[in-house]
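Spelled out from the first residue to the last, the chains are:
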Amino acid sequence: MKIVGIGGTLRDGSSTERLVAAVLASCESMGAQTQMFGGSALKALPHFNPESPERTGGERALVEAVRQADAVVIGSPGYHGGVSGLVKNAIDLLEDLAKDARPYFDGRPVGLVVSAAGWQATGVTLAALRGITHAMRGWPTPLGIAVNTVAQKPFGPDGTIGDAEIAGAVAAQARQIMQFAGVAA
């Protein structure tokens, strides 16, 4: 089983990127093969241009990874009540999957993760990601992860998830992804 993670910010090692990576690591512990497209990979992608068929190596790698994936995890910071442009650009690039036998996220579970400096931003951004996932024919996992980086302290001194509630949500979302991907496979 292959699971692809997409998410992060221009800052390498952002909360969003680390949370997506934690979901992937939990899936790996259950036997999945994973691939992460974090902030550094996403910032190397040019703006999506649907009129141009030319793609960079990074663009081709992302599209091909999602094409082969049994499940996807998408993480975005909550910027001004919406999905960050960096993450949205990567999602828009997946228009290249439109004419595939299995277009977009068709039949695949999609775990969603949001981190923001406030509850309102987490909720609105999570809802936006759910809408995008539905529009792209995916199945958002019942559990979406919303982390308020001001009210919560998601990471311990060693950089791993230090909040028991967040760790529980990460493990639960990973179980849902693995269960749903197993059914869909």
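Here the structure is shown first, and the text comes after it.
Sequence order as written defines the numbering, with residues in each chain counted from 1. Only residues with pLDDT of at least 70 are given local features in this predicted model, and only at 80 or more are side-chain atom pairs given and counted; all residues enter the totals for whole chains, interfaces and linings. The side-chain numbers reported here are obtained from all heavy atoms of the structure, hydrogens and water having been left aside.

### Quick notes on the pairing of strand 3 (residues 71-79)
Part 1: Within strand 3, 8 of the 9 residues are buried, which leaves it mostly tucked inside the rest of the structure.
Part 2: A pair of strands counts as paired when DSSP detects no fewer than two bridges linking them. Secondary structure elements follow DSSP: runs of H or I of four or more residues count as helices, runs of E of two or more count as strands, with numbering from the N terminus. Taken together, the 5 bridges between strand 1 (residues 2-7) and strand 3 define a ladder with parallel strand orientation. Residue pairing across strands places Val4 opposite Val72, the latter belonging to strand 3.
Part 3: The pairing of strand 3 with strand 5 (residues 109-116) spans 6 bridges and is parallel. Each residue of the ladder has a partner; that of Val72, found in strand 5, is Val110.
Part 4: Linking strand 3 back to strand 4 (residues 82-83) in an antiparallel pair, the connection comprises 2 residues, with His80 at a positive phi of about 50°. Partly exposed describes any residue whose relative accessible area lies between the buried limit of under 20% and the exposed limit of over 50%, with all areas from a 1.4 Å probe on protein chains only and scaled to the type maximum.

### Observations regarding the pattern of salt bridges
Working definition: two side chains of opposite charge can pair if their charged atoms are close together.
Part 1: Here, a salt bridge means any side-chain nitrogen of Lys or Arg that lies within 4 Å of a carboxyl oxygen of Asp or Glu. This structure, assessed with the given rule, holds 5 salt bridges.
Part 2: Here Asp12 makes a salt bridge to Lys43, at a shortest N to O gap of 3.8 Å. With Asp12 in the loop between strand 1 and helix 1 (15-28) and Lys43 in helix 2 (residues 39-43), this pair connects stretches of sequence that are 31 residues apart.
Part 3: Asp96 is paired through a salt bridge with Arg55; the nearest N and O atoms lie 2.6 Å apart. Pair noted here: Asp96 is in the loop between helix 4 (85-93) and strand 5 and Arg55 is in the loop between helix 2 and helix 3 (57-68), with a separation of 41 residues, a long-range link.
Part 4: What makes Asp96 partly exposed here is its relative accessible area of 29%.

### A short note on helix 4
Part 1: For helix 4, the complete set of buried residues consists of Leu86, Val87, Asn89, Ala90, Ile91 and Leu93.
Part 2: The contact rule is simple, with two residues in contact once any of their heavy atoms fall within 4.5 Å. Against strand 1, helix 2, helix 3, strand 3, strand 4 and helix 5 (119-135) lie the buried residues of helix 4.

### Overview of the nonpolar core
Part 1: Counting 29 residues, the largest nonpolar core has Ile6, Leu62, Val66, Ile74 and Leu94 as the members making the most contacts within it.
Part 2: If you list the elements that add at least two residues to this core, you get strand 1, helix 3, strand 3, helix 4, strand 5 and helix 5.
Part 3: The element contributing the most residues to this core is helix 4, with 5 residues.
Part 4: Non-local contacts of Val66, meaning those with residues more than four positions away in its chain, are made with Val4, Ile6, Val72, Leu94, Leu97, Phe105 and Arg108. Residue types Ala, Val, Leu, Ile, Met, Phe, Trp, Tyr and Cys, when buried and joined through side-chain atoms within 4.5 Å, form a set referred to as a nonpolar core.

### Considering the environment of Gly159
Part 1: Of note, Gly159 is situated in the loop between strand 7 (145-148) and helix 6 (164-184).
Part 2: Gly159 gets classed as partly exposed once you look at its relative accessible area, which sits at 27%.
Part 3: Spatially, the C-alpha atoms of Gly159 and Gly13 are 9.6 Å apart, while their sequence positions differ by 146 residues.

### Considering the environment of Ser76
Part 1: Within the fold, Ser76 resides in strand 3.
Part 2: Once the C-alpha coordinates of Ser76 and Gly8 are considered, the two residues, 68 residues apart in sequence, prove to be 6.2 Å apart.
Part 3: Excluding anything up to four places from it in sequence, Ser76 contacts Thr16, Val83, Ser84, Val87, Val113, Val114, Ser115, Thr125 and Leu129.
Part 4: We call two N or O atoms a polar contact when they sit within 3.5 Å, provided that within protein one can donate a hydrogen and the other can accept it, with sequence-adjacent residues counted only if both atoms are side-chain atoms. Of the polar contacts made by the side chain of Ser76, one reaches the backbone nitrogen of Ser84; its length is 3.1 Å.

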